[in-house]
Amino acid sequence: MDRVADDHLVCPSCGRKHPPSERFCATCGMPLVHPPGAADAEPGERREHARKIKPQYSEGRLVKVAYAQNLPEAQLIQGLLLEEGIPSMARRAPGFDVPDFLAAGPRDILVPESGSQAAREALQAPPPD
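Described below are features of the structure shown in this document. (Residues numbered from 1 in each chain as written. Predicted model: local features only at pLDDT ≥ 70, side-chain atom pairs only at ≥ 80, totals over all residues. Heavy atoms only, no water.)

Things to note about the overall build of the chain
Part 1: Counting its secondary structure elements, the chain contains 3 helices and 5 strands.
Part 2: The linear arrangement of helices and strands in the chain, starting from the amino end, is β-β-α-β-α-β-β-α.
Part 3: Looking at the chain as a whole, 32% of its 129 residues qualify as buried.
Part 4: Residue pairs in contact within the chain that sit at least 24 positions apart in sequence constitute 53% of those at least 6 positions apart.
Part 5: About 8300 Å² of surface is accessible on the chain, with carbon and sulfur atoms providing 53% of the total. (Helix = DSSP H or I, 4+ residues; strand = E, 2+ residues; numbered from the N terminus. Buried < 20%, exposed > 50% of the residue type's maximum accessible area, 1.4 Å probe, protein only. Contact = heavy atoms within 4.5 Å. Areas by Shrake-Rupley, 256 points an atom, 1.4 Å probe, with all protein chains shown as cover.)

Overview of the sheet that holds strand β5 (residues 107-112)
Hydrogen bonds between backbone atoms are what pair the strands of a sheet, whose relative direction is either parallel or antiparallel.
Part 1: The strand order across the open sheet built from 3 strands is β3-β5-β4, with neighbouring strands paired in antiparallel fashion. Here the strands that pair on one side only, and so sit at the sheet edges, are β3 (62-68) and β4 (89-92). Neighbour-to-neighbour, the strand axes of the sheet open up by a mean angle of 35°, direction not taken into account.
Part 2: Along the sheet face, helix α3 (residues 116-123) touches β3 and β5 and points at about 15° away from the line of β3. (Pairing = 2+ DSSP bridges. Axes fitted to C-alpha atoms, helices over the stretch in contact; angles between N-to-C directions.)

Let's talk about the pattern of salt bridges
Part 1: Under the defined criterion, the tally for this structure stands at 4 salt bridges.
Part 2: With a shortest N-O distance of 3.4 Å, D108 and K64 are connected by a salt bridge. With D108 in strand β5 and K64 in strand β3, this residue pair connects regions lying 44 residues apart in the sequence.
Part 3: By relative accessible area, D108 is classed as buried at 6%.
Part 4: A salt bridge links D108 to R91; the nearest nitrogen and oxygen atoms lie 3.8 Å apart. (Salt bridge = Lys/Arg side-chain N within 4 Å of Asp/Glu carboxyl O.)

As for the state of the cysteines
Part 1: What the rule picks out here adds up to 0 disulfides.
Part 2: The thiol of C25 is unpaired, and the distance to the nearest cysteine sulfur, on C14, comes to 3.7 Å.
Part 3: By relative accessible area, C25 is classed as buried at 4%. (Disulfide = S-S within 2.5 Å.)

Everything listed is a geometric property; what it means functionally is a separate question.
Structure representation (structure tokens):
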């Protein structure tokens, strides 16, 4: 894909320009987007996903906030967290690395430390042991 010569990102809320290395607007905290007319500006699933994430929940080390029995359950939990603006990742639980059964096996759900309390409240889960 061709890139626009003036390579920058803009804030969809206030319209301020930012360098491509930035993710969030320094003024209002919104996730940055490519300017209208940019060659790769078609909205995709990953871009829509990133726009839902609240910047205050994306800081710190990853901490475990939930446990899922399998991949579909982990994806459901991640979807619930994303609706609250909390980024997350699913990691296969230790001892269950069976390549023949990729969707099987338990998963730990991890979020950045700044979003851990909000994630536990959203999932109504007690802190892990």
